[in-house]
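# Close look at the chain arrangement
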Amino acid sequence: MTKKHRAFLKWAGGKYKLVEELSKHLPKGQRLVEPFVGAGSVFLNTQYDEYLLCDINQDLINLYQIVQQKPDEYIAAAKALFVPEMNNKEAYYKVRQAFNATQDPFTRSVYFLYMNRFGFNGLCRYNRKGGFNVPFGSYKKPYFPEKEIQYFSVKAQNAVFKCIGYEKAFELAKPGDVIYCDPPYAPLSTTASFTTYAGPGFSLDDQALLARHSRQTAHKRNIPVLISNHDIPLTRELYRGSKLATIAVQRNISQKGTSRNKVDEIMALYDHHFYDDEQD
């Protein structure tokens, strides 16, 4: 098996564990377009000639552009914060305050990685005013992902990063591209609150619109689209007309409490080959 590459950010819903299975469902193409790049595990573990990687989180995209363009300068600045005296509440909240007070992309990018590793569960969350508000994480010795940043930087030489919404990303796709969508997942129950990664949440309407965009892009523009989500009745209904596959998520049988939240993943592939006989 080829060596798997980890993302340098911790990320809720990251695809590192599923990437081999997921890759089997990705069509071949010249360029991979990711409207929801997140931590970039799919980008890091696939072999397309080019990548267009998008996200609505400006901090994330700035960080990736800086790592792409000046990795050594970035590593030196970020590494300086990964020292024992920075691993306490007081230091963390000072950095968080400084992050929220500055608009400088380089400074924010350095602080972003520090908060990602020293903050609670690697969460990325902002308040309504746009302030980062994840609490301190209390870890023994947060890991500095130097090798992961270096690999990301090398691989990023074939990538373009854009801070845009998924509709815009779809517009930029062209024949020869493959689109992979990893949206915020549908809630397991209608009462489950939606986690918002940046700005307003991703509603059920958004889920339905994304499915429609995907269907039309495959059918009318001959660009295949793969979407991953929770495998639940709602998503099976949303992705009707696509080719569906399930990826079983590993479960710990002994820990009954935790296993209940683990739901299989669904892969929905929209490809014009499936539409030859159908009218949309």
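Residues numbered from 1 in each chain as written. Predicted model: local features only at pLDDT ≥ 70, side-chain atom pairs only at ≥ 80, totals over all residues. Heavy atoms only, no water.

## Quick word on the packing of aromatic side chains
To be explicit about the condition: Aromatic rings from Phe, Tyr and Trp, taking only the six-membered ring of Trp, are treated as a pair when their centres fall within 6.5 Å; an angle between ring planes under 30 degrees marks them as stacked, one over 60 as edge-to-face, and anything in between as tilted. Helix and strand definitions here come from DSSP, where helices need a minimum of 4 consecutive H or I residues and strands a minimum of 2 consecutive E residues; each element is numbered from the N-terminal end.
Scanning all chains against the criterion turns up 24 aromatic pairs. Here Phe-8 and Phe-152 contribute two aromatic rings whose centre-to-centre distance is 5.2 Å and whose plane-to-plane angle is 85 degrees, an arrangement assigned as edge-to-face. Remark: Phe-152 occurs in helix H7 (residues 146-155) and Phe-8 occurs in the segment before helix H1 (19-25); sequence separation between them is 144 residues. Look at Tyr-166 and Phe-170: their rings are 6.3 Å apart centre to centre, the planes differ by 80 degrees, and that puts the pair in the edge-to-face class.

## Description of unusual backbone geometry
To be explicit about the condition: In this scheme, a residue with accessible area under 20% of its type's maximum is buried, one over 50% is exposed, and one in between is partly exposed, where area comes from a 1.4 Å probe on protein chains only.
For Asn-121, which is not a glycine, the phi torsion comes out positive at approximately 55 degrees. In this structure, Asn-121 sits in the loop between helix H6 (105-118) and H7. Relative accessible area serves as the criterion here: at 49%, Asn-121 is assigned to the partly exposed category. One non-glycine residue, Ser-138, lies in positive phi territory at about 55 degrees. Tracing the backbone shows Ser-138 in the loop between H6 and H7.

## Topic: the UniProt feature "binding site: S-adenosyl-L-methionine" (unreviewed entry) in the chain
Going by this rule: UniProt positions are given in the numbering used here, feature names are shortened, and annotations may be inferred rather than shown by experiment. By the convention used here, residues are in contact when the closest approach between their heavy atoms is within 4.5 Å. Here a polar contact is recorded for every N or O atom pair within 3.5 Å, except that within protein the pair must consist of a potential hydrogen donor and a potential acceptor, and residues adjacent in sequence are included only if both atoms are side-chain atoms.
UniProt records the feature "binding site: S-adenosyl-L-methionine" (unreviewed entry) at Trp-11, Lys-15, Asp-55 and Asp-182, using the numbering of this structure. Here Asp-55 shows up in the loop between strand S2 (50-54) and helix H3 (58-69). For Asp-55, a relative accessible area of 12% gives the class buried. Excluding its chain neighbours within four sequence positions, the residues that come into contact with Asp-55 are Pro-35, Phe-36, Val-37, Gly-38, Leu-60, Ile-61, Lys-162, Cys-163 and Ile-164. At 3.0 Å, the side chain of Asp-55 forms a polar contact with the backbone nitrogen of Asn-57. The topology assignment puts Asp-182 in the loop between strand S4 (177-181) and helix H9 (204-221). If sequence neighbours within four positions are ignored, Asp-182 has contacts with Gly-13, Lys-15, Phe-36 and Ser-228.

## Regarding the pairing of strand S5 (residues 225-230)
Cut-off, in case you're wondering: Between any two strands, pairing holds if DSSP finds at least two bridges.
Burial runs high along S5: six of the six residues are buried. Strand direction decides the pairing type here: S4 and S5, joined by three bridges, are parallel. Bridging across to S5, Ile-179 finds its partner in Val-225. Relative to strand S7 (residues 265-270), S5 runs antiparallel, the two sharing six bridges. Each bridged residue has a counterpart across the sheet, and for Ser-228 the counterpart in S7 is Met-267.

## Looking at helix H5 (residues 89-101)
Note the cut-off: Helix span, expected: 1.5 Å multiplied by one less than the number of residues in the helix. Directions are taken from the helix axis to each C-beta atom, and the arc is the one they span.
Taking 1.5 Å per residue as the helical rise, H5 with its 13 residues ought to reach 18 Å, and the 18 Å between its terminal C-alpha atoms agrees with that figure. Within the span of H5, buried status applies to Ala-91, Tyr-92, Val-95 and Phe-99. Each buried residue of H5 sits inside an arc of 100 degrees when the element is viewed along its axis, so together they form one side. Residues of H5 that are exposed and angled more than 90 degrees away from the buried face: Lys-89, Glu-90, Lys-94, Gln-97 and Ala-101. In this fold, the buried residues of H5 make contact with H3 and H6. Its side-chain oxygen at 3.1 Å from the backbone nitrogen of Glu-90, Asn-88 defines the N-terminal cap of H5.

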